[in-house]
Amino acid sequence: MPTETPIVNHFSWTIGGPQGTGVDSSANLLLRSCAVAGLYCYGKREYHSTIKTGHSYTQVRVSGIPISSHVDPVHLLTTYEKTAAKIHADEVVTGGAIIYDPGVISADDLNCQDGVLKIAVPYDEILDKLAEEMGQPAAKVKIMKNTLAVGATLAMVNFDMAYIEKALSGLFKGRKAKLVPDNMLAIRKGFEYIQAMQMNGSSVVDQFPYKLEAQPDSPAQMIMSGTTAVALGKLKAGCKMQTYYPITPASDESVYLESQQKEYGINVVQCEDEIASVCMAVGAALTGTRSATSTSCPGFGLKAEGIGWAAMNEVPVVIHDYQRGGPSTGLPTRHEQGDLLSAVFISHGNPPRMVVAPSDMNEYFEDTFHAFNYADQYQTPVIVLTDKCIGNNTMTITPFSEEGLKINRGKLATQDELDRLASLKPELKGQFPRFGDSDDGVSMRSVLGQANGIYWNTGDERDAYGHITEDPDNRQVLMNKRLRKMATAIAEIPESQQFQLYGPKDADTTILTWGSTKGPILDAMPQLLSDGFKFNVLVVRLMSPYPVEGVSRILSKAKTKIGFEMNHTHQLAQLTRMETGFSMDHFINKFTGRPISETEAASAIREIMSSTTTSKKEVVLSYGK
Amino acid sequence: MASNTATPTMAKPMAKDYKSDVVSDWCAGCGDFGIVAAVQGVYAELGIPNHQIISYSGVGCSSKSPHLMHTYGVHTLHGRSIPFSTGTALANPDVKVVVTGGDGDGYGIGAGHFLHAGRRNVNMTYLVYNNEVYGLTKGQASPTLAYGEQPKSLAVPNPNDKVDPLALAVNAGYTFVARSYAYNRTHLMATIKRAMEHRGMAIVDILQPCPTYNNLHTKEWYGEEVEMSGANYPRVYDIEAEGYNGMVQNPADAEEVNRKEIAALTKIRTHEDRVAIGVFWQIEKPTFMDRLTMTNPKLGDTPTYKMVIADADGNPTTDLSATYAEFLTTS
Ligand SMILES: Cc1ncc(C[n+]2csc(CCOP(=O)(O)OP(=O)(O)O)c2C)c(N)n1
Ligand code: SF4
Ligand SMILES: [Mg+2]
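Residues numbered from 1 in each chain as written. Chains lettered and ligands numbered in written order. Predicted model: local features only at pLDDT ≥ 70, side-chain atom pairs only at ≥ 80, totals over all residues. Heavy atoms only, no water.

(A) Molecular detail of the overall build of chain A. The helix and strand tally for chain A stands at 23 helices and 26 strands. Taken over C-alpha atoms, the radius of gyration comes to 27 Å for chain A, in line with the 25 Å a tight globule of 625 residues would show. Expressed as lengths along the three principal axes of its C-alpha atoms, the size of chain A is roughly 95 × 65 × 45 Å. For chain A, the proportion of its 625 residues judged to be buried stands at 64%. Taking the contacts inside chain A whose residues are at least 6 apart along the sequence as the reference set, 74% of them involve residues at least 24 apart. As displayed, chain A offers around 21,800 Å² of accessible surface, 52% of which is attributable to carbon and sulfur atoms. In chain A, 59 positive and 70 negative side-chain charges are present, and the distance between their average locations comes to 2 Å. (Helix = DSSP H or I, 4+ residues; strand = E, 2+ residues; numbered from the N terminus. Rg over C-alpha atoms; globule rule 2.2 N^0.38 Å. Buried < 20%, exposed > 50% of the residue type's maximum accessible area, 1.4 Å probe, protein only. Contact = heavy atoms within 4.5 Å. Areas by Shrake-Rupley, 256 points an atom, 1.4 Å probe, with all protein chains shown as cover. Lys, Arg positive; Asp, Glu negative; His and termini not counted. Charge placed at Lys NZ, Arg CZ, Asp CG, Glu CD.)

Next comes the structure, spelled out in structure tokens:
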């Protein structure tokens, strides 16, 4: 079969298998190989809430330009056992290919579309031979099936072997470096097997149109996942206390921080539960230590009372909630944006709480950094709403920028100030009116252990020194004071950290979105714009205090407003209507637990924007396994 | 970052130097008064500067104690004093953390934290005011009230068995386990002082009459004598005055540890007709901070509250470049 015009640097690949069989490491290796070749990558990880056996897969999208989402079509499916071949075969597009193990599944059992190349790779045979050549026991060599699979894959796209070797040495460093040569042997075997393979009289490589060409001049990228981006933001911000209770998908962040303790001195404590975690972080924050805790939905709920206490006592603490599918345990390893309203309203009785919702990998780093400043400046808990999609996915990104990152500790009393105040009022015997009223709602804060800074904390309403009082006038003063901070915050925080508008400012249609859903929309945007669908995208980044003025300014110009988010009740649309009075005209939604692809985003926007109906329309997406 | 320089130690502090201006709202005759006075007396004896004491509590009558102390006070959530105070003790090991709270607070809603505090052996002192009831919510049964007992607020006799918190504490890993009595000021002060001087997690369960809701175990009841084999003995008795010594001399000696642990559990269990007070169990073990420092030496060099995170212009001092390199495609 003659080769059609090759499709270069536009490649979507899926690898799947039972959990614990090396799917992740194969995907990492492929992604890294492409990344070191100057290509842009997005790796979407899907896994079950089981450790072994549950089916897991990763889809890696490789592109010549930066991307932040996956696409639905799969060009090449690589499998080395039966389940993945069965589950994903029908996702491969015509013209694509599937690599399978003829020892476990026959070509006839592959439920593919017409025109999909079925490529049999006899893993056992190849690895048995390799074991013989290496003089190693077959069992030891056979665990490299997943590595061989990467070699076979990269041969299909005409990839340059040198980049694989480079990627492999990047992955296996230090004590693991000795694994590189053996793995390279397996990769080479897979690579050569495919290169030599003929089908219907011509090379299979030639029959496969998708090719990857290195872009050595691309600027350096970082290969990053969300939990690590957050961890790095915390380290940069000088967070020295992290508490957690294990929960998917949040614990990866804490586990990574544990591995960095020696280097950066951060104290990571695994607690008995999420209540203890938030309380311990607050107890540490009271000493002036920048402190944080990290969790996911069920754990976030448990933190409510502690968050309220921190707000009442004006303690700076940062809480990350990696949203996953709810309600309850819900879809514990899947993606959703279902916690917005519970974050904005968490804890009873009107505590001031700040909620930040970063929407891409770089913002995961930056907003985590900013969150510690907000917490210190406004002396209140700051919740950072992250999600499973960016949290667990791995992608190439522009390296983090540290430009303009300054640490602001807010009104933290220096010892000199406390000593001066004490000398003015010796009758106070070192007591300090920590909760005194102030114009901006933020008072000077001493920390536990500081001389002449003595005050009391309590969950009860308090006087300026922190002693319990139910005096109605004082109550009014302090409620006003605490909540006044929110007005101060919205006035001080730069607008770019509150929300962002992408696309043509004068468009009549505005899509309102937040969090990781931004990725597929922005990826779909250039094509849609050039096809005549003119819209802009308003991404809200600060959820509490809500940027009422800025968002209203933009929404007032939009003739058509589309709410696009991933939760059944359109929580951002609800919040926006509550805060600004603006309602959405249409909705795009998905709540299967699987993130939205660029493909889906594009078709949903097309569908809504081409529709002539004026009545409310909702497109509910559902693609993906 | 603010420095934590101490004010010069007071010449000879007195208990009243640790009293705040707050007037307590406890019922007349409440056992809590005596406990607070004892704690203030111990602070004076130890001469700790006021600002270096952090008085923690949960929620309950007893948990109002920090407001009566002229020290930093942290009156937290019901049942959560332990995790809050643990955070402080880990972040600033230079202060003295003393936690007070009720039996409902510590052994009921806070039972999980109570247990795990032992596993960590954090360096702090935990004083539990044990009145067998939930005082602040009007006298319901607490976890230390025995099965079948019916103090006056209970509509029906208590259907739950009681827990023995100190037996639990020994098993959980507390390294100083004692009981004392609110109306034995001398014993109480001596015990609290020993608890505060102990390096590690110390608990003192303090029998505290609640005249308002516990009409079974009153000051009078504790003050009675009980008859045993024809002779009368005080109900509350000091095991150490009788020669008991719960201190492990050599923590590496498994036989001694085992023997003393069994002895401690046996003594703790004698809370029937007669009530044993004293230090049941004491052992030296690495504190949580010691253990964390083994894998995180920087913590040992500088406590987190003192770590410098920014220069004078606010530039972060943490240099991530070596870590970034691990993620860069160029490396
Ligand atoms: C989460 C929560 N649940 C319930 C309460 C109500 N509450 C306040 S104090 C208390 C019990 C106090 O009993 P204890 O700890 O023994 O202290 P005491 O009053 O007896 O000194 C309860 C249940 C609360 N404050 N918070
Ligand atoms: S209710 Fe009981 S414990 Fe509470 S103050 Fe009154 S006497 Fe004391
Ligand atoms: Mg009680």
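(B) Broad picture of the site of ligand 2. Every residue close to ligand 2 is listed here: B:Trp26, B:Cys27, B:Cys30, B:Cys61, B:Asn131, B:Gln208, B:Cys210, B:Pro211, B:Thr212 and B:Tyr213. Classifying every residue of the shell around ligand 2 by side-chain character gives seven nonpolar, three polar and no charged. (Near = heavy atom within 4 Å. Nonpolar A, V, L, I, M, F, W, Y, C, P; charged D, E, K, R; others polar.)

(C) Examining the coordination of the magnesium ion (ligand 3) more closely. Residues and elements named next belong to chain B. Taken together, Asp 103 (OD), Asn 131 (OD1) and Val 133 (O) make up the protein donors of the magnesium ion (ligand 3), found 2.1 to 2.2 Å from the metal. Considered as a linear motif, the donors of the magnesium ion (ligand 3) on their single chain read D-x27-N-x1-V. Using a relative accessible area of 9% as the deciding quantity, one classes Asn 131 as buried. Taking the relative accessible area as the measure of exposure, Val 133 reaches 2% and is therefore buried. (Donors = N, O, S within 2.8 Å, 3.2 Å for Na, K, Ca; no water.)

(D) How the structure looks around the domain arrangement of chain A. Residues and elements named next belong to chain A. Per the domain assignment, the segments of chain A are domain 1 (7–218), domain 2 (224–397), domain 3 (415–492) and domain 4 (496–621). Centre-to-centre, using C-alpha coordinates, domain 1 lies 36 Å away from domain 4. Tallying the contact residues gives ten residues for domain 1 and ten residues for domain 4. At the boundary of domain 1 and domain 4, one finds two salt bridges. Note that Glu 598 is salt-bridged to Arg 61, the shortest N-O span being 2.6 Å. On inspection of domain 1 and its partner domain 4, the count reaches six residue pairs in polar contact (both at pLDDT 80 or more). Grouping the amino acids of the side of domain 1 that touches domain 4 by side-chain chemistry returns three nonpolar, three polar and four charged. (Domains from an automatic or database assignment. Salt bridge = Lys/Arg side-chain N within 4 Å of Asp/Glu carboxyl O. Polar contact = N/O pair within 3.5 Å; in protein donor to acceptor, adjacent residues only side chain to side chain.)

(E) Up close: the nonpolar core. Judged by nonpolar contacts, the single largest core of 95 residues is most densely connected at A:Met543, B:Tyr174 and B:Ile203. The residues touching A:Met543, leaving out its near neighbours within four places in the chain, are A:Leu340, A:Val344, A:Val355, A:Ala357, A:Trp514, A:Leu572 and A:Leu575. Residues A:Val62, A:Val141, A:Leu148 and A:Met199 belong to the second largest nonpolar core, which totals 59 residues. (Core = buried A, V, L, I, M, F, W, Y, C linked by side-chain atoms within 4.5 Å.)

(F) Structural view of the sheet that holds strand β25 (residues 586–590) of chain A. All names here are of chain A. Pairing in this open sheet of six strands is mixed, and the strands run β20-β22-β21-β24-β25-β26 from one edge to the other. If you trace the sheet from one side to the other, it starts and ends with β20 (499–502) and β26 (617–621), each paired once. Direction aside, neighbouring strands of the sheet carry axes that sit 20 degrees apart on average. Pairing between β20 and strand β22 (residues 535–540): four bridges, direction antiparallel. By the bridge assignment for β22, Phe 499 is matched with Val 540. On top of the sheet, helix α20 (residues 518–530) reaches β20, β21 (509–513), β22 and β24 (560–565); it is set at about 165 degrees to β22, its chief contact. Relative to β20, helix α21 (residues 548–555) is tilted by about 20 degrees, and along the sheet it contacts β20, β21, β22 and β24. (Pairing = 2+ DSSP bridges. Axes fitted to C-alpha atoms, helices over the stretch in contact; angles between N-to-C directions.)

(G) Structural context of the pattern of salt bridges. All names here are of chain A. In total, this model carries 47 salt bridges over all chains according to the counting rule given. Where Glu 402 meets Lys 236, a salt bridge forms, and the shortest distance between an N and an O atom there is 3.1 Å. Here Glu 402 is found in the loop between β18 (394–397) and α18 (415–424), whereas its partner Lys 236 is found in helix α9 (residues 226–237), with 166 residues between them in sequence. Given the relative accessible area of 30%, Glu 402 is considered partly exposed.

(H) Quick peek at the interface of chain B and chain A. Chain B puts 67 residues into the contact, and the matching count from chain A is 81 residues. Together chain B and chain A conceal approximately 5,900 Å² of surface at their shared face, both sides included; 61% is due to carbon and sulfur atoms. If you sort the residues of chain B by the area they bury against chain A, B:Tyr72, B:Phe327 and B:Thr329 come out on top, with a joint share of 13%. At the boundary of chain B with chain A, the tally comes to one salt bridge. (Buried area = accessible area lost by both parts, 1.4 Å probe.)

(I) Layout of the packing of helix α1 (residues 23–36) of chain A against helix α5 (residues 145–156) of chain A. All names here are of chain A. Interhelical geometry of α1 versus α5 gives an angle of 35 degrees and a closest axis separation of 9 Å. Here α1 and α5 pass one another in a crossing that is right-handed. Note on element contacts: α5 touches α1 through Asn 146, Thr 147, Val 150, Thr 153 and Leu 154, opposite Ser 25, Ser 26, Leu 29, Leu 30 and Ser 33. The residue makeup of the contact of α1 with α5, split by class, is four nonpolar, six polar and no charged. (Left-handed = near helix turned anticlockwise from the far one by under 90°.)

(J) Broad picture of the site of ligand 1. Lining the immediate environment of ligand 1, one finds 17 residues, of which B:Cys61, B:Ser62, B:Asp103, B:Gly104 and B:Asp105 sit closest. Residues near ligand 1 are shared among chains A and B, making this a multi-chain site. At a separation of 3.0 Å, an oxygen atom of ligand 1 approaches a polar side-chain atom of B:Asn131. Backbone polar atom of B:Val133 to an oxygen atom of ligand 1: 3.0 Å apart, as the coordinates give it. In the complex, the protein chains occlude 77% of the 590 Å² of accessible area that ligand 1 would expose alone. Taken together, the elements giving at least two residues each to the shell around ligand 1 come down to α3 (103–109) and β5 (133–134) of chain B.

(K) The environment of A:Glu165, seen in detail. All names here are of chain A. Relative to the helices and strands, Glu 165 is located in helix α6 (residues 161–171). In this structure Glu 165 comes out as partly exposed when scored by relative accessible area, which is 35%. Separated by 18 residues in sequence, Glu 165 and Asn 183 place their C-alpha atoms 9.3 Å apart. Apart from the residues lying within four places of it in its own chain, the contact partners of Glu 165 are Met 184 and Arg 188.

(L) Looking closely at helix α4 (residues 111–120) of chain B. Of all the residues in α4(B), the buried ones are B:His113, B:Phe114, B:His116, B:Ala117, B:Gly118 and B:Arg120. Positive phi shows up at B:Asn121, right after α4(B), with a value of about 55 degrees.

(M) Here's a closer look at the sheet that holds strand β2 (residues 10–18) of chain A. Residue and element names in this part refer to chain A. Reading across from one edge, β7-β6-β5-β2-β4-β3-β18-β11 is the order of the eight strands in this open sheet, with mixed pairing throughout. With one partner strand each, in any of the chains shown, β7 (117–120) and β11 (222–225) form the two edges of the open sheet. Looking at each pair of strands side by side, their axes are set apart by 20 degrees on average, direction ignored. Direction of pairing for β2 relative to strand β4 (residues 55–63): antiparallel, over a ladder of nine bridges. Looking at β4, one finds that Thr 14 is bridged to Gln 59.

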